[in-house]
Amino acid sequence: MSLVARALGRRMGPEDLGSSQAHYKYLAPSIALLLVLTILPMLFTVYLSSSSLSYTSPRPPRFIGLRNYERLLDDARFLQSIPVSLLFIAAPVSIQLALGFIVAVIMNERLPFMRWLRFVFVAPMVIPPIAMGLMWRVLYTPHLGGVNYFLSLVGIDGPGWLTEPNWALVAIIIVAVWGWTPFVGLFFLAVMQSIPEELYEAGVIDGATWVQSVRHITLPLLRPTFAFIGIFRVIESLGIFPIIYIVTNGGPATATETVNFYGFVSGFNNLRVGYASAIIVVFFLMLFVIVAPTMRFLLRNVQVGD
Amino acid sequence: MKRRSTVTTFSLYTVGTLYGAAVLFPIVWMLMLALKSQLDAFAYPPLLIFEPTLEHFSAIFQDREFLEAIANSIIISSGSVFFAMLFAIPATFALTIMQRRARRNALLTILLIRTAPGMIYLLPYFVVYSRLGMLDTHMALIIIYLIFNVPLIIWTLMPVWSAVPRELRESGMIDGASLWQILFLIELPLVRIGIIASGIVAFLFAWNEFLFAVVISANDSVTLAVAITRYMGYEGTEWGKLAAAAAVMMLPGIVFGFLIQRYMITGLTAGAIKG
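Residues numbered from 1 in each chain as written. Chains lettered and ligands numbered in written order. Predicted model: local features only at pLDDT ≥ 70, side-chain atom pairs only at ≥ 80, totals over all residues. Heavy atoms only, no water.

Along chain B, the regular secondary structure elements total 14 helices and 2 strands. Once the C-alpha set of chain B is aligned to its principal axes, its extents read approximately 75 × 70 × 30 Å. In chain B, which comprises 275 residues, the share counted as buried stands at 58%. Counting contacts in chain B only where the partners sit at least 6 residues apart, residues at least 24 apart contribute 71% of the total. Summed over its atoms, the accessible surface of chain B is roughly 11,500 Å², and 67% of this surface lies on carbon and sulfur atoms. Seen as two clouds, the 18 positive and the 15 negative side-chain charges of chain B have centres 20 Å apart. (Helix = DSSP H or I, 4+ residues; strand = E, 2+ residues; numbered from the N terminus. Buried < 20%, exposed > 50% of the residue type's maximum accessible area, 1.4 Å probe, protein only. Contact = heavy atoms within 4.5 Å. Areas by Shrake-Rupley, 256 points an atom, 1.4 Å probe, with all protein chains shown as cover. Lys, Arg positive; Asp, Glu negative; His and termini not counted. Charge placed at Lys NZ, Arg CZ, Asp CG, Glu CD.)

Below, the structure written as structure tokens:
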């Protein structure tokens, strides 16, 4: 508190500044900008999804109501992309959370030499997704890449990563785990470092082993973090694009096409903008259905920005 | 400190080392590919020891299109950081003043916008830009990147700004300074580090972005992320050049990323964890 304020016998807290509404005009431009740049396009997508707009068709676009959505229900390629999307959320995110936790525990132990490995651990965080995709594309390519060579050294006959549908799915999941586990791990680590040492000391006094203290002290305290970072990763995983584009390009055939990838193909390869918009609307609804319940949890349980 | 048995310590080292190796393997492999001659690249079993060559690097740096792509990426990334700052700095300032509840709701809304997959915005921008004749311009991408960079900067800057002592603001108020003066004369100089860090985070976002770039930029404004994929051409992939180009693209992230590593997640961790 400043001398003057003290002299006046008044407390000038942030509340005093906050109670006047003057500062809102500093926030308003950003909020207005973001709304204009996001809400308008979303509404426009909904509008486009009811039109027959296609850049390959000579006829002018017209209003066709829900026809695009009806067509989606008969589109095997679209229907197949839904489970692929769900797989590319469930598998990578659960592995990222589990592995990220383990990595964070290791880093948190402050073992000699392991401190230096930390720089290695976080390396994927600074690698552009497109470069990540290229690296793995190389690794999966027969002869050029090392994956199958190293597998052959231990007597495993490596699969055709990019030519067999199921292995192509696994290939994408591996890249996603490789690329985003460090972010999750570093996040967990930051939270772990804020856990008071006394808790562990009390555990030791009660005779807890190392595994027990991780299991019964660290893990429960990180539960809100799991939720927060989990929802973050779910949203981002749903939008996974550059990796698929580079590593498999949706293939073999359409085996690794997610909903948004198919939307991209319809819109920009086939130039059927109206139809692609309908796919994107469905994509947005999926996002909403998955995210809304977790958002409510977050709003109730997580503090932000203090 | 927690008590650790020898077995536990040993397992931690083993798992840590294995994971570290798995992380390094693709990076090292690609750098090796960038330094191998075409002949060595396709040798089987793969050559782990070989005579390195810089031919691919010198080839891409003589490629006019590649150099232009670097210039485009720099223009677009810095442009989007500059305009995003104009919005994000006053916004962050306002957020530090706001009441806790309102601030939290605003921050979560902003985070959600930044996290939403770009695909849900992409088609309309393509349609509108093509009507306005703005496809393949720098400005087209700069505008779109504001969607992600304004929130990104706010979130990265927020924890730094929150640490500025409130007393400074109060004494400024009492001396009759306007909010504008408090922002620019008193507080902005104190959060320099945060501005630089969040600027780098935002720059890297734009530098790395692919989805919008591949659709909106084609020739005049083609970014590095998109230009690289052209080495996967129709006449077979030029693997050496591809690997060298990817290495060049990774450079800013590696150089700046380690400098600001702490800030890349502080925006999210600050306070988000007192669950």
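On to the domain arrangement of chain B, then. Residue and element names in this part refer to chain B. As far as domains go, chain B holds domain 1 (1-53) and domain 2 (56-269). For domain 1 versus domain 2, the distance between C-alpha centres works out to 32 Å. Buried area between domain 1 and domain 2, both sides added, is near 730 Å², and the carbon and sulfur share of it is 75%. Taken together, the links from domain 1 to domain 2 amount to 1 residue pair in polar contact (both at pLDDT 80 or more). Among the elements that make up the side of domain 1 that touches domain 2, the one with the highest residue count is helix H1 (residues 6-35) (6 residues). (Domains from an automatic or database assignment. Buried area = accessible area lost by both parts, 1.4 Å probe. Polar contact = N/O pair within 3.5 Å; in protein donor to acceptor, adjacent residues only side chain to side chain.)

Each partner contributes residues to the interface: chain A has 118 residues there, and chain B has 111 residues. Carbon and sulfur atoms supply 78% of the area that chain A and chain B bury against each other, a total of about 10,600 Å² over both sides. Applying the counting criterion to the chain A and chain B interface returns 0 salt bridges. When the residues that make up the side of chain A that touches chain B are grouped by side-chain class, the tally is 83 nonpolar, 27 polar and 8 charged. (Salt bridge = Lys/Arg side-chain N within 4 Å of Asp/Glu carboxyl O. Nonpolar A, V, L, I, M, F, W, Y, C, P; charged D, E, K, R; others polar.)

Ranked by internal contacts, the top residues of the largest apolar core, which has 195 residues, are Phe188(A), Leu95(B), Tyr121(B), Tyr145(B) and Trp161(B). Taken together, domain 1 (1-53) and domain 2 (56-269) of chain B each give at least three residues to this core, which thus spans both. (Core = buried A, V, L, I, M, F, W, Y, C linked by side-chain atoms within 4.5 Å.)

A separate point is a positive patch on the surface. There is a patch of like positive charges on the surface, built from Arg59(A), Arg62(A), Arg67(A), Arg71(A) and Arg272(A). Tracing the sequence through the fold places Arg59(A) in the loop between helix H3 (24-48) and helix H4 (67-74). (Patch = residues over 30% accessible without salt bridge, like charges linked within 9 Å, V, L, I, M, F, W, Y side chains within 5 Å.)

This part covers a nonpolar patch on the surface. A grouping of Phe150(A), Leu153(A), Val154(A), Ile156(A), Leu48(B) and Ile49(B) is seen on the molecular surface, where their side chains present a nonpolar patch of about 630 Å² in accessible area. Checked against the element boundaries, Val154(A) lands in the loop between helix H8 (147-153) and helix H9 (165-192).

This part is about helix H10 (residues 192-208) of chain B. Look at H10(B): 24 Å from first C-alpha to last across 17 residues, which is about the 24 Å you get at 1.5 Å a residue. Summarising burial for H10(B): 14 of the 17 residues are buried, a large majority. (Expected span 1.5 Å × (residues − 1).)

Glancing now at helix H13 (residues 239-259) of chain B. Here H13(B) contains 21 residues, and its C-alpha end-to-end distance of 31 Å stays within 8% of the 30 Å for a straight helix at 1.5 Å per residue. The largest bend in H13(B) is about 35°, located at Met250(B), with the proline Pro252(B) one to four residues further on. (Bend = angle between axes of the 7 residues up to and from the residue.)

What follows covers the packing of aromatic side chains. For any pair of aromatic rings, geometry is given as the distance between the ring centres together with the angle between the planes. In this structure the tally under the stated criterion is 38 aromatic pairs over all chains. Their ring planes at 85° and their centres at 5.4 Å tell us that Phe150(A) and Phe25(B) sit as a pair that is edge-to-face. One end of the pair, Phe150(A), is in helix H8; the other, Phe25(B), is in helix H1, on a second chain. Residue classification places Phe150(A) among the partly exposed residues on the basis of a relative accessible area of 32%. (Phe/Tyr/Trp six-rings, centres within 6.5 Å; stacked < 30°, edge-to-face > 60°.)

Another aspect to go through is the environment of Ile260(B). Residue and element names in this part refer to chain B. Locating Ile260 in the fold gives a position in the loop between H13 and helix H14 (261-269). Note on Ile260: relative accessible area 6%, which makes it buried. Separated by 60 residues in sequence, Ile260 and Ile200 have C-alpha atoms that sit 8.0 Å apart. Those residues within four positions of Ile260 in sequence are excluded, and the remaining contacts are Ala197, Ile200 and Val201.

Moving on, we come to unusual backbone geometry. Keep in mind that most residues, glycine aside, have a negative phi and that most peptide bonds are trans. Omega for the bond connecting Gly251(A) with Pro252(A) falls within 30 degrees of zero, at 0°, which places this linkage in the cis form. Unusually for a residue other than glycine, Leu271(A) sits at a positive phi of about 60°. Within the element layout of this structure, Leu271(A) appears in the loop between helix H14 (259-269) and helix H15 (273-301). Judged by its relative accessible area of 25%, Leu271(A) falls in the partly exposed class. Even without being glycine, Asp136(B) reaches a positive phi, approximately 60°. In this fold, Asp136(B) is placed in the loop between helix H6 (119-132) and helix H7 (138-162).

This brings us to the packing of helix H4 (residues 64-97) of chain B against H10(B). All names here are of chain B. Following both chains from N to C, one finds H4 and H10 inclined at 135°, their axes separated by 9 Å at the closest point. Judged on the interaxial angle alone, H10 and H4 are oblique. The way H4 lies across H10 gives a crossing that is right-handed. Taken together, the residues of H10 that come into contact with H4 (itself represented by Ile70, Ser73, Ile74, Ser77, Ser78, Ser80, Val81, Met85 and Ile89) are Ile195, Ser198, Gly199, Ala202, Phe203, Ala206 and Trp207. (Axes fitted to C-alpha atoms, helices over the stretch in contact; angles between N-to-C directions. Parallel < 35°, antiparallel > 145°, perpendicular 65-115°, else oblique. Left-handed = near helix turned anticlockwise from the far one by under 90°.)

Moving on: empty space enclosed by the protein. Take a probe with the size of a water molecule and roll it over the atoms, and the empty space left behind shows itself. One pass over the structure, following the stated rule, counts 2 cavities of 30 Å³ or more. Forming the walls of the largest cavity are 46 residues, and the residues nearest its centre are Pro129(A), Trp180(A), Glu236(A), Arg114(B) and Phe205(B). For the lining of the largest cavity, the residue count by class is 33 nonpolar, 9 polar and 4 charged. The space that makes up the second largest cavity amounts to roughly 80 Å³. Lining the second largest cavity are 10 residues, with Ile231(A), Phe232(A), Met295(A), Leu111(B) and Leu112(B) sitting closest to its centre. For the lining of the second largest cavity, a count of residues per class yields 9 nonpolar, 1 polar and no charged. (1 Å grid on protein atoms, 1.4 Å probe; cavity = no way out; pocket = protein on both sides within 12 Å on 5 of 7 lines; lining within 4 Å. Points joined across faces, edges and corners; volume = space filled by probe spheres on them.)

Residues and elements named next belong to chain A. Per-chain confidence: chain A averages 85 in pLDDT, with 90% of residues scoring 70 or above. Per-element averaging of pLDDT across chain A places helix H1 (residues 3-8) at the bottom with 40 and helix H5 (residues 76-108) at the top with 93. In the predicted structure, residues 1-15 sits below a pLDDT of 50 and forms 22 contacts with residues beyond four places in sequence or in another chain. (pLDDT = per-residue confidence, 0-100.)

Where charged atoms from two side chains of opposite charge come close, those side chains can pair. Residue and element names in this part refer to chain B. Applying the stated criterion across every chain, the model contains 6 salt bridges over all chains. Notably, a salt bridge pairs Glu65 with Arg230, separated by 3.0 Å at the nearest N-O pair. Separated by 165 residues along the polypeptide, Glu65 in helix H4 and Arg230 in the loop between helix H12 (224-229) and strand S1 (232-233) bring together distant segments of the chain. A residue is classified by how much of its surface remains accessible, and Glu65, at 38% relative accessible area, is partly exposed. By relative accessible area, Arg230 is classed as partly exposed at 36%. Of the charged contacts in the structure, one is a salt bridge between Glu238 and Lys241, with a shortest N-O distance of 3.1 Å.

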